[in-house]
Amino acid sequence: MLNPNVIEADSLSRRFDSFVAVDSVSFSVSEGEVFAFLGPNGAGKTTTINMLCTLLRPTGGTATVNGYDVVRQRSGVRRSIGLVFQDPTLDEHLTAEQNLRFHAYAYRIPRHLAEKRIGDLLELVELSDRRRSSVRTFSGGMKRRLEIARGLLHNPRVMFLDEPTLGLDPQTRRHIWEHILQLRERHGFAIFLTTHYMDEAEVAGRVAIMDNGHIIALDTPERLKDQLGGDVITVEAQDVDATKAELLRRFEVVPLEEDGHLSFSMPHGNRFLPRLLRTLESRVISVGLRRPTLEDVFLHVTGHAIRDREADPVSQARAHVIQHRRGR
């Protein structure tokens with residue numbers, strides 16, 4: 001029986017001297033699946049992608065992509081994947097179609113077939129009218145769309161997207177994702193996505209939350225949210241410490257604190273709110289009620305918000321070390 005998984009990682013690890021960037025992560029990705037790694041900079045997401053794409057050798061564990069071992073069968077892996085990096089990798093002195101032709105040549109795609117694919121993909125990403133324009137005249141969103149077209153030119157089984165919309169405005173990000181999902185629907189490839197944008201992770205069939213080199217949680221977005229056990233209630237109080245103590249004493253609730261607000265989950269939150277307000281009436285400034293988000297899940301399983309770790313200088317230093325070591 002054929003293995004339906006296009007990616008399999010078993011205790012995959014990467015160490016840089018004494019620093020462990022990725023620590024024994026295990027997961028699989030099935031054919032046609034959208035799989036997301038969600039986490040802050042320095043969490044190990046890009047390091048994992050670089051190992052799966054054969055750009056970085058693991059120091060522990062094993063991984064296969066499309067059945068090829070990432071260490072022993074690198075050529076097979078590379079033929080099977082498309083890759084969009086965080087940073088642009090297009091030759092800005094060439095036109096859009098020249099960039100694609102160079103990629104087709106590198107992958108030994110026959111000329112007649114390459115020209116047809118180039119035309120089809122440029123049309124799909126709405127760049128046909130700019131095919132002969134120099135890439136240096138393109139906006140950030142246009143460059144991203146061209147990179148996605150380039151990554152699909154050789155019909156990969158897996159498309160790796162490493163922070164594909166980093167630095168783009170929300171409207172352009174939505175537009176990019178419309179193209180990505182349309183292309184996936186047409187071509188049937190799997191998507192392995194890394195992101196720290198919660199809305200991007202929502203498009204995935206499954207999400208792996210990564211922090212400090214570990215996978216902390218892995219499931220569908222809805223099941224991850226269901227783990228919180230109900231609606232999310234946020235409380236802004238005059239005395240945060242006293243309110244936390246009162247929530248524990250009266251309701252056996254241990255809230256998380258973020259930016260001076262307390263948050264906790266409660267089944268049937270709309271029914272619970274009247275009791276909460278009667279109990280904390282003199283302490284409360286405002287109260288909010290909403291359905292859980294992936295940001296709530298991240299806060300729940302890691303104990304900190306994703307933007308807190310983004311701003312953490314230690315994590316940023318670790319990320320810098322990784323980039324420095326990779327460049328050796």
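Residue numbers restart at each chain and count upward from 1, following the sequence in its written direction. Selection of residues for local features in this predicted model requires a pLDDT of at least 70, selection of side-chain atom pairs for listing and counting requires 80 or more, and totals for whole chains, interfaces and linings are taken over all residues. Hydrogen atoms and water are omitted, and side-chain values are computed over all heavy atoms in the structure.

A. Expanded view of the pattern of salt bridges. The salt bridge definition used is simple: a Lys or Arg side-chain nitrogen within 4 Å of an Asp or Glu carboxyl oxygen. Following the criterion strictly, the structure yields 21 salt bridges and no others. A salt bridge links R157 to E31, with the nearest nitrogen and oxygen atoms 2.8 Å apart. With R157 in the loop between α5 (140-152) and β7 (158-162) and E31 in the loop between β2 (19-30) and β3 (34-38), this residue pair connects regions lying 126 residues apart in the sequence. With a shortest N-O distance of 2.6 Å, E33 and R206 are connected by a salt bridge. Of this pair, E33 sits in the loop between β2 and β3 while R206 sits in strand β9 (residues 206-211), and the two are 173 residues apart along the sequence. Among the ionic contacts, a cluster of salt bridges with common partners joins E97, R101, E115, R131 and R132. Strands are runs of DSSP state E lasting at least 2 residues, helices are runs of H or I lasting at least 4, and numbering of each runs from the N terminus.

B. Expanded view of helix α6 (residues 170-187). In a regular helix each residue adds 1.5 Å, so 18 residues correspond to 26 Å; α6 covers 26 Å between its end C-alpha atoms and thus fits that length. Whether a residue is buried, partly exposed or exposed follows from its accessible area with a 1.4 Å probe, protein chains only, as a fraction of its type maximum: under 20%, in between, or over 50%, in that order. Within the sequence span of α6, burial applies to R173, I176, W177, H179, I180 and L183. The arc that holds the buried residues of α6, viewed along the axis, is 160°, so those residues lie on one side. Opposite the buried face of α6, by more than 90 degrees, sit the exposed residues Q171, R174, E178, E185 and R186. Here, two residues are considered to be in contact whenever any of their heavy atoms come within 4.5 Å of each other. Looking at the packing, one finds that the buried side of α6 touches α4 (111-124), α5, β7, β8 (190-195) and α7 (198-201). Measuring from the backbone nitrogen of Q171 back to the side-chain oxygen at the start of α6 gives 3.1 Å, which picks out D169 as the cap. What a helix should span is 1.5 Å times the count of its residues minus one. Regarding the arc, it is the one traced by the directions from the helix axis to the C-beta atoms. Polar contacts here mean pairs of N or O atoms no more than 3.5 Å apart (in protein, one a potential hydrogen donor and the other a potential acceptor; neighbouring residues in sequence count only if both atoms are side-chain atoms).

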